[in-house]
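One-letter residues, chain by chain:
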Amino acid sequence: MSKTASIGLASSNGLFAQLIAIVDNFLMKSAQLAVRNGDLPRFGL
């Protein structure tokens, strides 16, 4: 038995969900660049 649990949620392709995905992608890329440069990544929202 695995020690992690996952919850299957219905995906929403609404405009708000797409906006959140774009913001999330930007924050992840920003954090990756900061780590690559040896900085601490800034927290997003």
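Notes on the structure follow. (Residues numbered from 1 in each chain as written. Predicted model: local features only at pLDDT ≥ 70, side-chain atom pairs only at ≥ 80, totals over all residues. Heavy atoms only, no water.)

What follows concerns the overall build of the protein chain. Across its full length, the protein chain holds one helix and zero strands. Across the 45 residues of the protein chain, 2% fall into the buried class. When the accessible surface of the protein chain is summed, it comes to about 4700 Å², and 62% of that surface belongs to carbon and sulfur atoms. (Helix = DSSP H or I, 4+ residues; strand = E, 2+ residues; numbered from the N terminus. Buried < 20%, exposed > 50% of the residue type's maximum accessible area, 1.4 Å probe, protein only. Areas by Shrake-Rupley, 256 points an atom, 1.4 Å probe, with all protein chains shown as cover.)

If you check helix 1 (residues 15-36), its first and last C-alpha atoms are 32 Å apart, about what 22 residues at 1.5 Å a residue would give, namely 32 Å. Trailing helix 1 by a residue or two, Gly38 shows a phi angle of about 85°, which is positive. (Expected span 1.5 Å × (residues − 1).)

Let us now look at a nonpolar patch on the surface. The grouping of Phe16, Leu19 and Ile20 at the surface amounts to a nonpolar patch, some 320 Å² of accessible area in total. Within the element layout of this structure, Ile20 appears in helix 1. (Patch = residues over 30% accessible without salt bridge, like charges linked within 9 Å, V, L, I, M, F, W, Y side chains within 5 Å. Salt bridge = Lys/Arg side-chain N within 4 Å of Asp/Glu carboxyl O.)

Keep in mind that these numbers describe shape and distance, not what the molecule does.
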